[in-house]
Each structure stands twice: as structure tokens, then as C-alpha cells.
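Structure assessment
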There are 2 protein chains.
Amino acid sequence: MTGIDLDLLRKGNRRTLAKAITLAESKLDSHRSQAQKILEQILPDTGNSIRIGVTGIPGVGKSTFIESFGLHLIAQGKKVAVLAVDPSSPIAGGSILADKTRMEELSRNNNAFIRPSPSGGALGGVAQKTRETMLLCEAAGYDVVLIETVGVGQSEFEVAGMVDFFMVLMLPNAGDELQGLKKGIVELADALVINKADGESLNLAEQTRLHYQNALQLLRHATYWTPKVMTCSARENLAIDDVWQMICDFRSAATEHDDLNSFHAKRAQQNTAWMHHLLHEMLELELKQNPAVHNEIPLLEQQVVAGTITPFTAAKKLMDML
Amino acid sequence: MTGIDLDLLRKGNRRTLAKAITLAESKLDSHRSQAQKILEQILPDTGNSIRIGVTGIPGVGKSTFIESFGLHLIAQGKKVAVLAVDPSSPIAGGSILADKTRMEELSRNNNAFIRPSPSGGALGGVAQKTRETMLLCEAAGYDVVLIETVGVGQSEFEVAGMVDFFMVLMLPNAGDELQGLKKGIVELADALVINKADGESLNLAEQTRLHYQNALQLLRHATYWTPKVMTCSARENLAIDDVWQMICDFRSAATEHDDLNSFHAKRAQQNTAWMHHLLHEMLELELKQNPAVHNEIPLLEQQVVAGTITPFTAAKKLMDML
């Protein structure tokens, strides 16, 4: 008994969906194992959305973009879920992502479901909870899942590992905001979207687009998808439809493409990689629950840093304690 | 008793060094544990070289570059070790890297020590053996350790994790060879060096340099070191001294710099990361030595791919078997 009516969930009942997510995010083991049972049962109903990662530093206009983009999708007949991965969000709310007050119109729409970042914890961390929430939203019939991050930490790499399409929002200033973006993120992107391309910034936005276009052409491989660089204005609702069209083009290309990068192969690879990641976390947790090992790790790290012991010997000592 | 005279090793005796490396590379546990004892004893004598990774696709002129660069260093009074990380090298020789016949003059020089890639195997794989060989070479008084890879696989990331300076050799053709380089490698580089900048290729090489310079400026963070883009000709011995000067500049900047990216902080971080990597490998090995688990992993992977089980449940099932 999980107390969750799966048929209601599959019909898209918002209260039921919210309750299921709350179980998955709970700190209580009993709640989380209930959530696992639910996930096992709804697994055949998942996977039918397109999963889109959206990142960018604060100030780039993520909330405005997601509001505008989400409303556009809903106007096309889609149901849209917005989730956040924000490792910095404190335990009691306060997440700066997926903030309903900043997506006013979207949050009031019946075809949108907005869920702020869960608060850390448990195996797999926020990424695991976000994956579970994504599956629950898919079972509830959401066609598009947007996963939002702030672009300054490790979580972008985690999100790129759970979505079909990864998009970085930029400002029209030709590179300055890269100072804030974590290294390697631009290379992860399937598209760079320069927001705030309106009014007096139009020219600058176009220059910025050309710059990034050149940079990506130089640094990228040829595959079936060359990362796109686009401009849009979420505030003025300009070219938002082009962004969606691009993602549809990507999905067509990726679905037709028959290799390790294809749409389904990528998801399969993401899932097995995540299984191994969780296995590592579980093993490490076991290890750290051994008090002797737990105390020894920082001491051995110090010796490795001081150069009085090799990393190999240090690792071996830890293993021998088991 | 390891049969290795450590004083001779410290004096740079080549036969002793070669014997110690052979112990470390051995497939016999007893040999490898002897090697570990040696490493523990020589650890205070290590760390005094500058460790340089050199990568680039076949045809870029790695052997010619290393020959020319190595001889330049020796002319400056340095002792140079050249190691290779080539995961594709078959068990019985045949490595295409650190090939002495392709570095004829260097390989005959008393101040150079060239060692082809070890053949796979054991914990930590080729990367672990290369780390051990690097330490042995440092104890034997080598001032510069060059670690060579082919730029097409995972090993570049491993090498970037064990060197102070990571350099990617390029051809003067403005981006075409990136088709062969693994994604993300250019972003790892502390320098791109465009080789074969001679004769009719001089103009093209300069164009290529400007292109990459622009691309890196757009995609890089500001730190104490902005990755450099240079041209040289190993065959004509042009600007090889500039490459060395650049690395000396890097070392000065990195040594003066007092943060997480500084010279010693980076090495400390590399070593603790490697300790954790080895610990993971050891745990996974333990896991796989459990025959039930070993058989179950591919089955669970299939179910994860088929979408009949979540990655979390799969990982948990494996853990429950222990």
C-alpha cells in the first residue's frame, strides 16, 4: 500500500503526482521504498516525453525563458513539467530555480507542472530525486520535461546525463558570462541560445551568435547533430518557436540516426551509467559506515597529499580494513 | 628483497630503472608488491620533474616533435623521460607510441629514457603503471617527463589527470583534425601547438593559430593561465624553444599562484582523486569476484536498457547480493 492511486497518476491528477513526488523526496526510508514500488509499476508508462536541460547563469533570464517557452509548448497542445536541480537549495525551500512566482502565468496553467529542487540528501542526491520526479511526470502524461540548473557547479554535468537535449542560455555580450559558467559546459551543449536579443541588443546578440558559432565549429566533432547557436527574446516572445522547432529537428535527426548517439541509445547509456554510479555510491556508503575506514580516509588523504604514501597504497590500506 | 639497488636507481642507472619498471609492469602479484615497496621507499625522491602530457592524432608528428623537443631539453642540461599511454597496445609489443625507431637520435642519447606503453592489465590499468613509471623516472633524476597519447580515446583524460601541463599537437588545417580528437580534449589543453608550420604551410598554420586562439578565448575561463596557441615545426626545429619557454612560464605562474589550481595543489588533487579512483576499482573488483554478482550485472544492464527496471533498483539488487 503506497496510498497513491496509480490510475489517477496516469490520468495526470496533479495532487496524486505531487504526493508521489513527495514520497520520493522524503527523508523517511519507508516513504522512499514506497516510491520505488510506484516507480517500478509506472515504468512502462514513462519515456514518452522529450527531456530538455536548460542552464545559464543567474541574470540570463531562465525563468522568463521557461515561462515563455512553456506557454508556447502548451499552445501547441503539450503538457509541460518544469523541474529544478539546484544543489545549493537549503532544506526548507528557498530554491532560486523553478520559482513559481517568477513563472506566474505558466504556474497557473493546468497543463504545466512546476516543481522546485528537492533538498539534497539520500543516495544519488538531487540528481536521483530529479530522475524519479521526471519518470513520475512522464507517467502523468507530460510531453516535455524541462530541467533547470544554474550553470555554476557540478549539477550541469549530472543534468546533461539525464536529458535528451542540453541547452545553455547566454547573454548578448560575446563571452563575458563564460566567466561564470563552469568549464566544459559549453562543450556539453546541443544548443546555445542567446536570450535578450531585442531592442538595442539585437546587433550585439547577432555578433555574439556568430562568435559562438565559429567557436563551436572549431571545437566540435561532426556527428548527425552540429550544436546550434540561436538568438531569442523570451521577454518579447521572439523566436521562441524557432527554439522549439530546433529541438523537434534534433529529435528527428537523433531518432533516425542509428548509432551509439541515437535517441534511444543515448537514454540506454544514460541509464546504465547511472546504475553504475549508484552502485559506486552504495559501495562507498558501505565503506564509510565502517567507522575505522571513515576515520582513516582523511588521514590517508593527508598522507597522499604530503607525498608520504602513494595513492595505490592508500587505497589498498582502506580495502584491507574491510 | 626486491633485487633492485635503490642507490643505483637514485643515481640514474638505466638498467636498474628499467628493471624496476619491469617489476611494476609485471603480471605477477609478487613482482608488483615488490614494486610497491620500492615506490614507498623512493617517494621522497619523486616530484621534482615537470610532467607534460603530449597528445595528438596519428600523423600530427608526435614522434618528430618529441625527438626535437627532447633533444632541445637535453641541450639545456635536462634529463628527459618519454612514456606512453596507449590503451590499444597489444600484449606483445607493437605500441605505436614512444617508438624508439621513430625517435632515433633521442633514443641513443644518454640523457633520454624512452619507455613504450605497458600492456593493459591490473588495477588502475595502464594509467596506474604509467604513474608508477613516472615516479621511478623522477627518482632516477629525470627533470622532464613527457607522457604521450594518441588523442582518440579515454586515455587523454587519464593523462590530463596525472600531468602538470597538457599539450595538444595540431595540424595547420584549421580544425579538420578535430574530427579525430575525442570531444572535450581541446578544453583540457593548457596549450595547442600547431606542428608542421614550415614551408608552404606557414600561412595556413598562422591562420589556424588565430582560429583556435579565438575559439579558446570564447570558451575559456580566466584563470592565472590562459591556454596558449602556438606554431612550431619539429622537422625544421622551428620555435621548439618557444614551446619550452611557454611551459617554464606556466610553471612560474602556477607555482606563484596560490589557489586550488596552483602547481602543488593540482598535484595534491590529482593524487587524492586517483586514490579514490583506485578505491572504486578495488571495490568493483571485489564485487565482480562474487560470481553471482558478476553474472547478474549484464542481465540487470539489459533490464535497465529495456526499461523494465530502474537504475536504482538494479544497483540495489546488486548490493543486496553481497
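Keep in mind that what you see is a predicted model, and the values were worked out from it rather than measured.

Overview of the packing of aromatic side chains
For the coordinates displayed, the defined rule picks out 12 aromatic pairs over all chains. Here the aromatic rings of A:Phe113 and A:Tyr142 are separated by 6.0 Å at their centres, their planes lie at 50 degrees, and the arrangement is tilted. With A:Phe113 in strand 3 (residues 112-115) and A:Tyr142 in the loop between helix 6 (125-139) and strand 4 (144-148), this pair connects stretches of sequence that are 29 residues apart. There is no split in this pair, since A:Phe113 and A:Tyr142 are both buried. An angle of 15 degrees between the planes, with centres 5.2 Å apart, marks the rings of B:Phe65 and B:Phe69 as stacked. Of this pair, B:Phe65 and B:Phe69 both sit in helix 4 (residues 62-75), four residues apart, which is roughly one turn of that helix. Judged by relative accessible area, B:Phe65 falls into the buried class, the value being 0%. Each residue in the set A:Phe65, A:Phe69 and A:Trp244 is aromatic and connected to the rest through ring pairs, giving one cluster. Directly above the ring of A:Tyr142 sits A:Lys79, whose terminal nitrogen or CZ lies 4.4 Å from the centroid. Looking at A:Lys228, its charged tip hangs above the ring of A:Trp225, at a distance of 3.8 Å from the centre.

Structural notes on the environment of B:Ala112
Residues and elements named next belong to chain B. If you trace the backbone, alanine 112 turns up in strand 3 (residues 112-115). For the pair alanine 112 and valine 80, spaced 32 residues apart in sequence, the C-alpha to C-alpha distance is 4.8 Å. With residues near it in sequence (within four places) discarded, alanine 112 still touches Arg14, Ile74, Val80, Leu106 and Tyr142.

Examining the domain arrangement of chain A
Residues and elements named next belong to chain A. Here chain A is described as being made up of domain 1 (46-259) and domain 2 (274-321). The partner domain 2 presents four residues to the five residues of domain 1 that form the contact. When the two sides are added together, the surface that domain 1 and domain 2 hide from each other amounts to roughly 510 Å², 68% of it contributed by carbon and sulfur. Contact with domain 2 buries area across many residues of domain 1, yet Leu123, Gly124 and Arg131 alone supply 75% of it, more than any other trio. In this structure, the connection of domain 1 to domain 2 is made through zero salt bridges. Along the contact surface separating domain 1 from domain 2 lie one residue pair in polar contact (both at pLDDT 80 or more). When the residues that make up the side of domain 1 that touches domain 2 are grouped by side-chain class, the tally is two nonpolar, two polar and one charged.

How each quantity is defined
Residues numbered from 1 in each chain as written. Chains lettered and ligands numbered in written order. Predicted model: local features only at pLDDT ≥ 70, side-chain atom pairs only at ≥ 80, totals over all residues. Heavy atoms only, no water. Phe/Tyr/Trp six-rings, centres within 6.5 Å; stacked < 30°, edge-to-face > 60°. Helix = DSSP H or I, 4+ residues; strand = E, 2+ residues; numbered from the N terminus. Buried < 20%, exposed > 50% of the residue type's maximum accessible area, 1.4 Å probe, protein only. Lys NZ or Arg CZ within 6 Å of the ring centre and 35° of its normal. Contact = heavy atoms within 4.5 Å. Domains from an automatic or database assignment. Buried area = accessible area lost by both parts, 1.4 Å probe. Salt bridge = Lys/Arg side-chain N within 4 Å of Asp/Glu carboxyl O. Polar contact = N/O pair within 3.5 Å; in protein donor to acceptor, adjacent residues only side chain to side chain. Nonpolar A, V, L, I, M, F, W, Y, C, P; charged D, E, K, R; others polar.

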